[in-house]
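# Remarks on the overall topology
These are the residues of each chain, in order.
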Amino acid sequence: MTHKFDAVILGAGAAGLMCAIEAGKRGRRVAVLERAGGPGKKILISGGGRCNFTNLHCHPENFLSANQHFAKSALARYSPSDFIALVEKHRIPYHEKALGQLFCDRSAREILDMLEAECRAAGVQIISNCNIREVRRNDRFLVRAELDEFQAPALVVATGGLSIPKLGATSLGYDLARQFGLRIQPTKPALVPLVLESRDRAAYCDLAGVSADVFASTGHHEFREKMLITHRGLSGPAILQISSYWEPDRSIRIDLAPGRNVTDTIREAKVRNISAARVALQTVLPKRLATRWLDLHAPPTWTNEALTRLESEIHSWVLEPSGTEGYDKAEVTAGGVDTSELSSKTMEAKNVPGLYFVGEVVDVTGHLGGFNFQWAWS
Ligand SMILES: Cc1cc2nc3c(=O)[nH]c(=O)nc-3n(C[C@H](O)[C@H](O)[C@H](O)COP(=O)(O)OP(=O)(O)OC[C@H]3O[C@@H](n4cnc5c(N)ncnc54)[C@H](O)[C@@H]3O)c2cc1C
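Residues numbered from 1 in each chain as written. Predicted model: local features only at pLDDT ≥ 70, side-chain atom pairs only at ≥ 80, totals over all residues. Heavy atoms only, no water.

## Digging into the pattern of salt bridges
Inspection of every chain in the model, using the stated rule, returns 19 salt bridges. For R109, the salt bridge is made with D113, and the minimal N-O distance between the two is 3.4 Å. Taken as a pair, R109 and D113 lie in helix α5 (residues 109-121) at a separation of four residues, close to a single helical turn. A relative accessible area of 38% means that R109 is categorised as partly exposed. Judged by its relative accessible area of 36%, D113 is partly exposed. Residues E325 and R232 are paired through a salt bridge, measuring 3.0 Å at the closest nitrogen-oxygen approach. Note that E325 is positioned in the loop between β20 (321-324) and β21 (332-337) and R232 in the loop between β16 (221-229) and β17 (233-235), a separation of 93 residues in sequence. Judged by relative accessible area, E325 falls into the buried class, the value being 19%. Salt bridges here are not isolated pairs; linked through shared partners, they connect E134, R136, R144 and E149. (Salt bridge = Lys/Arg side-chain N within 4 Å of Asp/Glu carboxyl O. Helix = DSSP H or I, 4+ residues; strand = E, 2+ residues; numbered from the N terminus. Buried < 20%, exposed > 50% of the residue type's maximum accessible area, 1.4 Å probe, protein only.)

## A look at the pairing of strand β7 (residues 101-104)
Here β7 shows a buried face lined by Q101 and F103 and a second buried face lined by L102 and C104. Here strand β6 (residues 94-96) pairs with β7 via three bridges, running antiparallel. Directly across from Y94, in β7, lies its bridge partner C104. (Pairing = 2+ DSSP bridges.)

## Notes on the sheet that holds strand β1 (residues 2-4)
Pairing within the open sheet is mixed, and its four strands lie in the order β1-β11-β10-β9. The open sheet has two free edges, formed respectively by β1 and β9 (132-137), since each of these has just one partner strand. Shown here is a sheet whose adjacent strand axes are inclined to one another by a mean of 20°, direction ignored. Taken together, the four bridges between strand β10 (residues 141-145) and strand β11 (residues 149-152) define a ladder with antiparallel strand orientation. Among the inter-strand pairings, F141 is bridged to a residue of β11, identified as A152. (Axes fitted to C-alpha atoms, helices over the stretch in contact; angles between N-to-C directions.)

## Describing the sheet that holds strand β15 (residues 211-218)
The strands making up a sheet associate through hydrogen bonds between their backbones, and the pairing can be parallel or antiparallel. A sheet is described by the order of its strands in space; here seven strands give the open sequence β19-β18-β15-β16-β17-β14-β20, paired in antiparallel fashion. Looking along the sheet, the strands with just one partner apiece sit at the ends: β19 (317-319) and β20. Strand-to-strand twist of the sheet, defined as the mean angle between neighbouring strand axes without regard to direction, takes the value 40°. Of the strand pairs in this sheet, β15 and β16 are connected by eight bridges, and their pairing is antiparallel.

## A look at the site of the ligand
Not every one of the 30 residues close to the ligand is listed here, only the nearest: A15, E34, T170, E360 and F373. Here R35 contributes a backbone N or O atom positioned 3.2 Å from a nitrogen atom of the ligand. Expressed as a share of its isolated accessible area of 990 Å², the protein-covered part of the ligand is 92%. At the level of elements, α1 (14-25), α2 (41-45) and α13 (371-377) are the ones that each hand at least two residues to the shell around the ligand. Considering each element in turn, the shell around the ligand owes the most residues, four residues, to α13. (Near = heavy atom within 4 Å. Polar contact = N/O pair within 3.5 Å; in protein donor to acceptor, adjacent residues only side chain to side chain. Areas by Shrake-Rupley, 256 points an atom, 1.4 Å probe, with all protein chains shown as cover.)

## Description of the environment of P60
If you trace the backbone, P60 turns up in the loop between β4 (52-55) and β5 (63-64). Along the sequence, P60 and A269 sit 209 residues apart, while their C-alpha atoms lie 48 Å from each other. In this structure, P60 is in contact with Q68 and K72, ignoring residues within four places of it in sequence. (Contact = heavy atoms within 4.5 Å.)

Right, here's the structure in full:
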């Protein structure tokens, strides 16, 4: 059976639902086609079930893209305060956790319920369990699903990235971009735990669960947040943030004692030895990590020169990860549809009138902290 709409949106995630609401409010007949059993699966598991739905301090610098300026227009036209107004209209209680990150007090479900209610009010049809077989274009777009065909003059691709395939992620968005001749910036897992090479894994990963407040950096990018040791490597917000910038064969650098001097107390100790060093390092790091790290980095002597070297090693622990935990564990996909192919005001493909790409499928990737949802809403 053939169904005619003004706009067909592929993907009922954050970006697709928001786009559907706005188009519906403007009187368009809108269908959202979703492969999974229901809309917004990622919204439901986001932010540990509480959905970090935006960030009060949302700036273009919080996004990675081959074109750093592309996100500006959308973020200015639909800002965090616009989304907060929607959340408040639906009386969803929320709080600022840290660094401007806004979370639901109760459950991410409330954000999805809100979007579904707005969709209903705007007359949007959400069609779940919809397997898209083919997309063609003549004077309009034709989307062929298993049993039905959908036609519309406007097609919005909001199929997200490749992360968490078990929640329904597919490469459809990138495949369609290629089909219509749009360039793609290479994709990679981002906001993802890093895997340590075997020697470091053997040395540290039995401490899985231990965390510390660090400065983590790679290249020119650094973040001060928590680092967590895992069974295979490192995670925690500081590591997830730098993972988006990390490239294979590059090292990462960890400052284990940001803004603190550790060796002064060793210099002043009655006896300079490994015990004095342990006591000093345990003031800034969890006991087990301090002990292990010193076992592997203790200087051969305790001269002033050796202590100066030790101090600098504590602030610059260099590791060479062997890889990442991949799309199964990545919060987002970096790269995607090349922004030079799209209008930054409308997200329409410059060379394919009526074809739009929104959300994570586009080469705009936010830092951890609510930025990826804000990009999807904007
Ligand atoms: C565990 C986890 C926690 C996260 N927490 C946060 C957070 O707290 N704050 C934050 O800002 N960001 C968070 N993110 C990132 C955020 O969820 C995404 O950036 C955001 O959902 C992207 O929105 P989107 O609509 O572009 O894509 P998605 O939300 O991924 O939606 C894409 C939709 O398209 C559907 N789809 C895919 N392929 C097809 C196909 N072939 N046919 C039909 N439909 C298809 C998918 O099933 C999905 O419903 C988290 C991500 C993960 C994985």
